[in-house]
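Chain and residue survey
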Amino acid sequence: MSQRRRRSLALLTSGVLALPLLTGCGAGDDEGGQAAAEQDIATTTRDRVADGGVLRWAVDALPDTLNTFQADADATTNRIAGAVLPQLFVLDAKGRPVVNPDYLEKAEVIEREPKQVVQYKLNQKAVWSDGREIGAADFVAQWRALNGKDSAYWTARNAGYDRIEKIEKGKTDLEVRVTFNKPYADWRALFTPLYPKQVTGTPEAFNEGARGALKITAGPFGLGAIDKKTGTAALTRNARWWGRPAKLDTLILTAVPRAERPAALAAGKLDLAEIDRAAADRIALARRDAAAKNGPGAGGAPAHGPEAALTPAQATLSWATAFGADEEKAAAETESRQKHLASVKQYAAEQTALKAFTVRKSLEPAYTQLAMNGASGPLADERVRRAVARALDRQALAEVVLKPLGLPAKPVGSHLALAGQRAYADNSDALGGLDTRAAQALFADAGWRKGGKITEPAAKAGPESAPQDDSKTPSGPGTGNDGLYIVGQDDGAGGEPRSATADRPNQDEPSPVLAPAPFGAQQRASLLAQAALVARAARAQDAEDAEDDGKWAPTRDGEGADPAKASPAPAPAKQPVRTSGNMLAKDGKALSLRFVLPAGPGSESLRTVGERIAGMLRKVGVNTETIKVADASFFKDHIASGQYDLALYSWPATAYPATDARPIFAKPEPAADGSLLVEQNYTRVGTDHIDQLFDQAVGELDEEQSRELMRKADARIWAAAGSIPLFQRPELVAVKPGLANAGAFGLGAPRYQDIGWKKALTAKDKKK
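Criteria and cut-off values
- Residues numbered from 1 in each chain as written.
- Predicted model: local features only at pLDDT ≥ 70, side-chain atom pairs only at ≥ 80, totals over all residues.
- Heavy atoms only, no water.
- Helix = DSSP H or I, 4+ residues; strand = E, 2+ residues; numbered from the N terminus.
- Buried < 20%, exposed > 50% of the residue type's maximum accessible area, 1.4 Å probe, protein only.
- Pairing = 2+ DSSP bridges.
- Axes fitted to C-alpha atoms, helices over the stretch in contact; angles between N-to-C directions.
- Phe/Tyr/Trp six-rings, centres within 6.5 Å; stacked < 30°, edge-to-face > 60°.
- Core = buried A, V, L, I, M, F, W, Y, C linked by side-chain atoms within 4.5 Å.
- Contact = heavy atoms within 4.5 Å.
- Polar contact = N/O pair within 3.5 Å; in protein donor to acceptor, adjacent residues only side chain to side chain.
- pLDDT = per-residue confidence, 0-100.
- Salt bridge = Lys/Arg side-chain N within 4 Å of Asp/Glu carboxyl O.
- Parallel < 35°, antiparallel > 145°, perpendicular 65-115°, else oblique.
- Left-handed = near helix turned anticlockwise from the far one by under 90°.

1. Section: the environment of V344
By secondary structure assignment, the location of V344 is in helix α9 (residues 327-354). Of the residues examined, V344 reaches a relative accessible area of 16% and is grouped as buried. Distance from V344 to G305, taken between C-alpha atoms, is 7.4 Å for residues 39 residues apart in sequence.

2. Description of the sheet that holds strand β6 (residues 164-169)
Strands belonging to one sheet form pairs held by backbone hydrogen bonds; the direction of such a pair is parallel or antiparallel. Pairing in this open sheet of four strands is antiparallel, and the strands run β4-β5-β7-β6 from one edge to the other. Two strands close off the open sheet at either side, each with one partner strand: β4 (104-111) and β6. Sheet twist, expressed as the mean angle between neighbouring strand axes with direction ignored, is 15 degrees. Taken together, the five bridges between β6 and strand β7 (residues 175-180) define a ladder with antiparallel strand orientation.

3. A few points about the sheet that holds strand β16 (residues 589-590)
Pairing in this open sheet of three strands is antiparallel, and the strands run β13-β15-β16 from one edge to the other. Looking along the sheet, the strands with just one partner apiece sit at the ends: β13 (449-450) and β16. Pairing analysis gives two bridges linking strand β15 (residues 584-586) to β16, with the strands arranged antiparallel. Along β16, the bridge assignment pairs A585 with A590.

4. Thoughts on unusual backbone geometry
Residue P114 follows E113 across a cis peptide bond; omega there is 0 degrees. At D587, a residue that is not glycine, the phi angle is positive and equals roughly 55 degrees. Tracing the chain through its elements places D587 in the loop between β15 and β16. At N741, a residue that is not glycine, the phi angle is positive and equals roughly 60 degrees. Among the structural elements, N741 can be located in the loop between β23 (739-740) and β24 (756-757). Judged by relative accessible area, N741 falls into the buried class, the value being 8%.

5. Regarding the environment of P365
Looking at the secondary structure, you find P365 in strand β12 (residues 358-372). The class for P365 is buried, based on a relative accessible area of 13%. Note: C-alpha distance between P365 and G748 (383 residues apart in sequence) is 8.4 Å.

6. Some points on the packing of aromatic side chains
Within this structure, the stated rule accounts for 18 aromatic pairs. Members of the aromatic cluster, each reached through a chain of ring pairs, are F69, F89, Y120, F139, Y161, W187, F191 and Y195.

7. A closer look at the nonpolar core
Within the largest apolar cluster, 101 residues are counted, with the highest numbers of intra-cluster contacts made by Y120 and F191. Counting residues per element, this core draws most heavily on helix α3 (residues 136-146), at six residues. Those residues in contact with Y120, other than ones at most four positions away along the chain, are L88, L104, K106, A107, F139, L174, E175, V176, V178, W187 and F191. I283, L370, A387 and I613 belong to the second-largest nonpolar core, a separate cluster that totals 58 residues.

8. A word on the side chain of D754
Along the polypeptide, D754 turns up in the loop between β23 and β24. On the basis of relative accessibility, which here comes to 13%, the residue D754 falls in the buried class. A distance of 2.7 Å separates polar atoms of two side chains, one belonging to D754 and the other to R46. One polar contact links D754 to R751, side chain to side chain, over a distance of 3.0 Å. Those residues in contact with D754 that sit more than four places away from it in its chain are R46, V49, K247, A740 and N741.

9. Examining the confidence of the model for the chain
Within the chain, residue pLDDT values average 83, and 77% of them lie at 70 or more. Within the model, the stretch residues 1-28 combines pLDDT values under 50 with 111 contacts to residues more than four positions away or in other chains. Note that residues 471-535 has pLDDT below 50 and, in this model, 153 contacts with residues that lie over four places away or in other chains.

10. What to know about the pattern of salt bridges
Across all of its chains, the model carries 34 salt bridges by this definition. Residue D249 is joined to R237 by a salt bridge in which the shortest nitrogen-to-oxygen separation is 3.0 Å. Of this pair, D249 sits in the loop between β9 (232-237) and β10 (250-255) while R237 sits in strand β9, and the two are twelve residues apart along the sequence. Residue class for R237 comes out partly exposed when judged on its relative accessible area of 33%. With a shortest N-O distance of 3.3 Å, E708 and R711 are connected by a salt bridge. One end of the pair is E708 and the other is R711, both in helix α19 (residues 703-720) and three residues apart, which spans about a single turn. Given the relative accessible area of 35%, E708 is considered partly exposed. Connected through shared salt-bridge partners, D60, R79, R258, R261 and E274 make up one network.

11. A few points about the packing of helix α18 (residues 688-698) against α19
Relative to each other, α18 and α19 sit at 165 degrees, their axes nearing to 9 Å. Classified by the angle their axes make, α18 and α19 are roughly antiparallel. Here α18 and α19 pass one another in a crossing that is left-handed. Side by side, α18 and α19 meet where H689, I690, L693, F694, Q696 and A697 of the first sit next to S706, L709, M710, K712, A713, R716 and I717 of the second.

12. Re the pairing of strand β8 (residues 221-227)
In this structure, β8 lies alongside β9, joined through five bridges in antiparallel fashion. When the sheet's bridge partners are listed, I226 is paired in β9 with A233. What sits between β8 and β9 in their antiparallel hairpin is a turn of four residues, with G231 showing a positive phi close to 70 degrees.

13. Comments concerning the side chain of D271
Of note, D271 is situated in the loop between α6 (261-266) and β11 (272-274). Given a relative accessible area of 1%, D271 falls into the buried group.

Put into structure tokens, the structure is as follows:
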């Protein structure tokens, strides 16, 4: 595995791509502009936050490792590390790194020639939980573990550490000098988090010692018990912490699947939880109903939930079946009615509890993109990729996801940064925006034209065909994987109609995406019908001619006519020439692209975007074949292996694009066996010039020049049209009343020691 790949390898996770929060770099307050959305965390001064208390914070799963530098580290690994280990640089609200004064007094480049030297001046109070001072020995051990020279260390991230020549103590024990053998612009990315030398000092300790426990820590919290049975990890206030003490006594990270979080919130098992759109809608409905004293949910029939899903016709059918003569069906329907009644009661109780919660909103440090596989097929032609991109209304796609949530709906203009980060600049003009005429001209230049002759077999599926589905993921409300929902089905197994009271959807959740009418099948049926009409007309004309002229008539078996006098058999009817009509075709084949989407629960927003894209492409003559796949196979079996033409997935924003983004956009290289080494460039689109710009940027110590090189690289990436950034992902967080300094953190990092419960208002406060 190449050095440049390892750091970025850990950034892409899961079928729908959960995204860890990264740190940033640079200087210059005005560069990058304002963040697209501000943090929404109920900011409260520490004097108004009570000392003590417990916070139960939802996570997707307990981590398999507590070592963030291992390949199986996940978002929970990073969250724990952020609370219990030194973070030398932290992200501000714009996703820009700033020195963390709890650990550093200063960090700067003190020499550039003949070699780059960075000097860290440590906070003199900073100590590990065993009482030892944080110092050069910890830096040296981490560098040796991560520089890639010793393969005994199982590392996933090495970039930057491989450029270090030596680390030594400065004039005092509080100074650490790091000398590089190659200039490294992203030096701020190093040593965050910083592990104690006891973890990084030997391969055995590094590989196994920090997987299930961290005996030595140095954060506002320490790591308590991790209980696999209850799915909890307890973080407790660090008694040796030298900074402002943590407000909470205990922070309990609780593993709860996103589909189960509304129920867990209502049951009092969670106080803070990232949620999907469906859960946010439930909380909004609960608050609305509570505010409407005489409205739905306040004594009248609910306007949402399982009860509202039952139509009068279904209710009548259910009653008739339950009290009908068929005892077997009656028993089954009675059981179904009882289950339904229980679900109605449970839903009502949950709504009563959910009305107390607030949904905090911002935009995640990640963006969703349309990826185009440029390795083979029509999209190997840059003109076709550019044409597809010019057919997209990115503003409309952003609005369909973000506008209903009340979030800013502005398309992302960069592959390498988000608005607010210093490297951000909208370089989309390098490709151009929505312009269907330009798209059609590009298609024509590539040889794809409407009305072309079709000689290849008709496509089995098109943009309106029933999507293929090799997913085994069950339907249901979301698990939180990128806010996706599975398409609803009206029939049960085997095509049997469902019970009138079984598995009713919540009417107030976003409507399931309906599979469009089969376009390809319609086209084929139309052509066959036309051919049949022509053939019948020809046969009728032949029969009329035979009757008038008496030249021939059909004979029965055994009544063979004289061959010498018989008329020759009529020529077969001429079949109509098949054309592509309003769709594009080239060399006898219609333009059809495989559009792969994850089919896991909670996938509706992504599928909705996919349908909108398919409709936009259909207007310019491009067929799309939607293929739903299981979340577990989406990335491994389709994206990474190149088994797709179009796909939607997300990348994290990074404040270190010269390091972290390079493997994502590096030009694929041929391997010895003839395959392509793509690193993380799953579109297989890249150029030597883009690689050169990355290499120049990562070695440029003038921060402004480095960022300018990144902007030039981004413009080239836009022009190559391998991936099209669409929108920043929404961040929705359910928060219990009274919780301060927590919620939707946006581009910033949590300040764990400031999170806590607001103090009760005093009589004096109430008078103000």
